[in-house]
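Remarks on the overall topology
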Amino acid sequence: MASETETQLERTLGLTEALMIGVGTMVGAGIFVLPGAAAALAGPASAAAFAVAGGIAMLTALSASELATAMPASGGPYHFINRGLGPLFGSIAGLGNWLGLAFATAFYAVGFGNYVSPLVAGLNLNLGVAAAVPLSGAQIGGLVAAIVFIAVNYLSTDGTGDLQNVIVIVLLAILGVFMALGATQVRFAELTPFFPQTTGPGAILPTTALVFVSYLGFAQVATVAGEIKQPGTNLPRAMVGSVLLVTVIYAVSMLVLLGVVPLDRIAGEGTAIAIGARAVFDGFGIGLVGVGLLTFGGLLATASSANASVLSASRINYAMGRDGLMDERLSAIHSRFNTPYRSIALTGALIVVFIIAGKVNALAKAGSVLHLLVYGLLNVSLIAMRETEAMGYDPGFEAPGYPVVPVLGALLSFGLIGFMDLQQILLAGALVVGGVVWYVVYVRKRVEDTSALARYRSPPDVEVEVEVDFDLSTDEAAAARGGGSDA
């Protein structure tokens, strides 16, 4: 039986590691999976759709940065919503965010498996799961990758951060070469007309809804807030910085791609970025090298997304166990590895099941819809914290432009859901219903609502002074307010 301790997770992640978690989670699908589909919807204007999606994400990143510096404990958006709006909304946000990330991790892992499946194409394996359901090469590769990332997360947060740094730095170098060389070959005639002739600027919002899944990573930085050094300064820099960096990469890469390759050659293509790489590097007589580099980049991108998502997803049910919204045993910390080993094991088991079951694409997209719901609630939670003047709420960073930033962040996040497919909305709705049922059946009798919103649900003849429990030690609170120590 594994040994454990009740201490808080150690703060071992610096600014670079936090930034790489955000960037590494976002870069994968955005540039290696979606360019062809986005180009089919909006043509060259798909670059603007990526920029709009980044702008919407930035609003939430600013709100999340304020909340994270006031509550730098693991759990991220779930933790903020639970403290601001109460355990009902905390149950919805926690279960939705956790399951959404688990589905997304399975999706990334199978994507990784697609790159390595030729290596196991001749192996007719079922890994003992069920002889009647043999696994594809992509599933086998995905399982191997997932098990490796789960093990890395289980054994060491330090190892997770180091691995993420290496993956993302190499990936950014590959994309940087593609953008730099491609910029010298852009033909502006390929970028006109900028908007589709049939739909005009109206194509931007549906395309924004499609590509928003590319921006889920920034909030995952907050899910490991309890492990980040000097959260008062590093959390805002990591979240805002990752959104800015990734938005630039997406927009520039789309302009380069569509400026060097005719639209009809890449519209709807799942390997659009590889086609673009072939065209860019052909100009230097090394087309196959370019394809190889971007293919390697795709492997790294899916790996980094999967690795960061395992880390983030496991911190959500860890935090829910800590807060009583799940079994408290999930919040146990391993005395040797200092990781929430039970939450990692449970999350890892779900990921493995999803990979074996396959067909995770639709559920991964539903996860993005649910993330929009969670982001909307996160912005509402910031408003609740500010307007109720919750005792103990003392952020080290304040979102500029209050209340415009959180109001716009909530409205645009909720509004973008309307541009998703009906099936995705219904699947996400089912997860929301599940969160409500979980609250009624399990949480309501076990957890007292001490949220900032609770003061408005008190009887009018009873004067209530709400003090929100932020679950911070003295050192953590000091770190949140002033940048703090590295302890």
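Residues numbered from 1 in each chain as written. Predicted model: local features only at pLDDT ≥ 70, side-chain atom pairs only at ≥ 80, totals over all residues. Heavy atoms only, no water.

Under an unreviewed UniProt entry, the name given to the chain is APC family permease, and the source organism is Halobellus litoreus. Regarding the chain, the UniProt comment filed under Subcellular location (unreviewed entry) reads as follows: "Cell membrane". (UniProt positions renumbered as here; feature names shortened; annotations may be inferred.)

**As for the overall build of the chain**
A count of helical and extended segments in the chain gives 18 helices and 2 strands. The buried share of the chain, taken over its 487 residues, is 56%. Carbon and sulfur atoms make up 64% of the accessible area of the chain, which totals about 18,600 Å². (Helix = DSSP H or I, 4+ residues; strand = E, 2+ residues; numbered from the N terminus. Buried < 20%, exposed > 50% of the residue type's maximum accessible area, 1.4 Å probe, protein only. Areas by Shrake-Rupley, 256 points an atom, 1.4 Å probe, with all protein chains shown as cover.)

**Considerations on helix 10 (residues 231-260)**
Along its 30 residues, helix 10 runs 42 Å from first to last C-alpha, staying within 8% of the 44 Å computed at 1.5 Å per residue. Counting buried residues along helix 10, 22 of its 30 residues qualify, which places the element largely inside the surrounding structure. (Expected span 1.5 Å × (residues − 1).)

**Considering the packing of aromatic side chains**
Considering all chains together, one arrives at 9 aromatic pairs under this definition. Taken together, a centroid distance of 4.7 Å and an interplanar angle of 20° make the contact between Trp438 and Tyr442 stacked. One end of the pair, Trp438, and the other, Tyr442, are both in helix 17 (residues 422-443), 4 residues apart, so they sit about a helical turn from each other. For Trp438, a relative accessible area of 30% corresponds to the partly exposed category. (Phe/Tyr/Trp six-rings, centres within 6.5 Å; stacked < 30°, edge-to-face > 60°.)

**Notes on the confidence of the model for the chain**
Per-residue confidence for the chain gives a mean pLDDT of 79, with 82% of residues at or over 70. Confidence, read as mean pLDDT per element, is least for helix 18 (residues 474-482) in the chain (41) and greatest for helix 16 (residues 404-417) (94). Confidence over residues 1-7 falls short of pLDDT 50; this stretch has 20 contacts with residues more than four positions distant or in other chains. Across residues 471-487 the pLDDT falls below 50, and counting only partners more than four positions away or on other chains, this stretch makes 35 contacts in the model. (pLDDT = per-residue confidence, 0-100. Contact = heavy atoms within 4.5 Å.)

**Re the environment of Leu34**
As for its position among the elements, Leu34 is in the loop between helix 1 (15-32) and helix 2 (35-42). Among the residues examined, Leu34 registers a relative accessible area of 10% and is labelled buried. Separated by 237 residues in the primary sequence, Leu34 and Thr271 place their C-alpha atoms 8.9 Å from one another.

**Examining the environment of Val380**
If you trace the backbone, Val380 turns up in helix 15 (residues 361-388). For the pair formed by Val380 and Val407, sequence separation is 27 residues and the distance between their alpha carbons is 7.4 Å. Beyond its immediate sequence surroundings of up to four residues, Val380 is in contact with Leu85, Ala410 and Phe414.

**Quick word on the side chain of Asn234**
Within the secondary structure, Asn234 sits in helix 10. Within polar-contact distance, the side chain of Asn234 engages the backbone oxygen of Lys229 at 2.7 Å. Setting aside residues no more than four positions away along its own chain, Asn234 makes contact with Gly14, Leu15, Ile228 and Lys229. (Polar contact = N/O pair within 3.5 Å; in protein donor to acceptor, adjacent residues only side chain to side chain.)

**Thoughts on the environment of Val447**
Within the secondary structure, Val447 is located in the loop between helix 17 and helix 18. Classification of Val447 as buried rests on a relative accessible area of 19%. Distance from Val447 to Gly324, taken between C-alpha atoms, is 6.2 Å for residues 123 residues apart in sequence. Not counting chain neighbours up to four residues away, the residues in contact with Val447 comprise Pro87, Asp323, Gly324 and Leu325.

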